[in-house]
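Fold and contact review
Chain by chain, the residues:
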Amino acid sequence: MTAAAAADQLQQDMQSLSENHPVEIIFVWDFDWTIINCNSDEYVPAGFLGDEEVAKRITAEMKEHGPTKWHECVANLINACMLEKACSNDDILEKAAEMPYLIDVKQALTDVANNKHCRQAIISDGNDKFIDAYLRKNEMKDYFSAVETNVGSWENNNAETSFKIRYQSSKYGGHECKLRCPPNLCKTQVLKDILNRMKEANGKDAKRPRIVYVGDGHNDACPALQVLNENDVLLAREGKRCPNPNSVSGPQFDKNHDNATSGTFAILSTLEKAERREGCVPKCRVCPWNTGKELLSLVHGILS
């Protein structure tokens, strides 16, 4: 089925659901490789240290400490930028503000923001300093009623400034999801918290909002399997990443994906593994996308 045909079918399905179950919609967005078209944790330090150096240091730290220490590695990279390249806090945030994005993805976000029946939230494994800089630069700060992510901060110690990252899950005293989620973040835990806060604000008799979840990574599979139901939609990014994402900035056209040869987006393969190993399948409608045009078409199918 083509993206256009999928969008048309999705529009029909959503209209049928809305006639029988009229509720507001919350769009929940991943950040890296979804709202932006790169990995923010790698993009920012690569702007000062270079791609090869960042890759080398990440490989060394992951080998020594393991993948659960990713955010400690990111903090070390940012501190290296400040110590070795004399970068200021503002230099770091200016680089974060320049992160590349697909033009049609931003249009989708804008169209949802302008729809009175919709809310938007971000659940990200990035950090709030980079995300906030990007949203402010691109005038999207007011698009979101919630941004849940790891917390970055600059701390002064003996006249030396260092960057630290506090795990998002520390807000809840950690999490107990051991299958798919790293220690710092379980997106199921966060999404359930967002829904509970909405229920408290709207009253206990308010209907649960329909969820449209947009993401690309393995940790996006967790809420897709454990929170989304038959009234919800998962817009799952498929295919490969564009090459050299750290070499560009700002608005990008889909043509940059024509020769995509980098790593594959993990969400669909993670869902396939969950079905094969655990017999778990999403209850929601799953709609793949790769380009900004495809995503915008699917979003318009939902909004219309």
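Presented here is a report on the structure given in the accompanying data block. The shown structure was predicted, so the numbers you read here are calculated from the model rather than taken from an experiment.

Calculation criteria
- Each chain has its residues counted from 1, running along the sequence as written.
- Where totals are concerned, whole chains, interfaces and linings use all residues; where local detail is concerned, this predicted model gives features only for residues with pLDDT of at least 70, and gives and counts side-chain atom pairs only at 80 or more.
- Note that water and hydrogens are dropped before the side-chain values are worked out from all heavy atoms of the structure.
- Only C-alpha atoms enter the line fits that serve as axes; for helices the fit covers just the stretch in contact. Angles between N-to-C directions range over 0 to 180 degrees.
- Per the convention used, a helix needs a DSSP run of H or I reaching at least four residues, while a strand needs a run of E reaching at least two, with both numbered from the N terminus.
- In these notes the angle categories are as follows: under 35 degrees is roughly parallel, over 145 is roughly antiparallel, 65 to 115 is roughly perpendicular, and the rest is oblique.
- A crossing counts as left-handed when the near helix is turned anticlockwise from the far one by less than a right angle, and as right-handed when that turn is clockwise.
- The contact criterion used is simple: two residues touch if any of their non-hydrogen atoms lie within 4.5 Å.
- Ten residues, namely Ala, Val, Leu, Ile, Met, Phe, Trp, Tyr, Cys and Pro, are considered nonpolar, four, namely Asp, Glu, Lys and Arg, are considered charged, and the remaining ones, Gly among them, are considered polar.
- Following DSSP output, two strands are said to pair if at least two bridges run between them.

**A closer look at the packing of helix H3 (residues 40-49) against helix H5 (residues 70-84)**
Relative to each other, H3 and H5 sit at 25 degrees, their axes nearing to 9 Å. Taken together, the axes of H3 and H5 lie roughly parallel to each other. With respect to the hand of their crossing, H3 and H5 are arranged in left-handed fashion. Facing H3, whose interface residues are Asp41, Glu42, Val44, Pro45, Phe48 and Leu49, H5 presents Trp70, His71, Val74, Leu77, Ile78, Ala80, Cys81 and Glu84. Residue composition of the contact of H3 with H5, grouped by class: 10 nonpolar, one polar and three charged.

**What to know about the sheet that holds strand E4 (residues 146-157)**
An order of E5-E4-E3-E1-E6-E7-E9 is seen for the seven strands of this open sheet, with the pairing classed as mixed. The strands lining the two open edges of the sheet, one partner per strand, are strand E5 (160-166) and strand E9 (285-289). Averaged over all adjacent pairs, the angle separating strand axes in this sheet is 20 degrees, with direction ignored. Bridge count for strand E1 (residues 25-29) against strand E3 (residues 118-127) is five bridges, and the pairing is parallel. Following the sheet pairing, valine 28 is matched in E3 by alanine 121. Lying over the sheet, H5 contacts E3, E4 and E5, oriented at roughly 160 degrees with respect to E5.

**Some remarks on the packing of helix H4 (residues 51-65) against H5**
Two numbers describe how H4 lies on H5: the axes approach to 10 Å, and their chain directions differ by 140 degrees. Put simply, H4 runs oblique to H5. As H4 packs across H5, the resulting crossing turns out to be right-handed. On the side of H4, the interface is formed by Val54, Arg57, Ile58, Glu61 and Met62, while H5 contributes Trp70, Cys73, Asn76, Leu77, Ala80 and Glu84. Residues belonging to the contact of H4 with H5 are distributed by class as follows: seven nonpolar, one polar and three charged.

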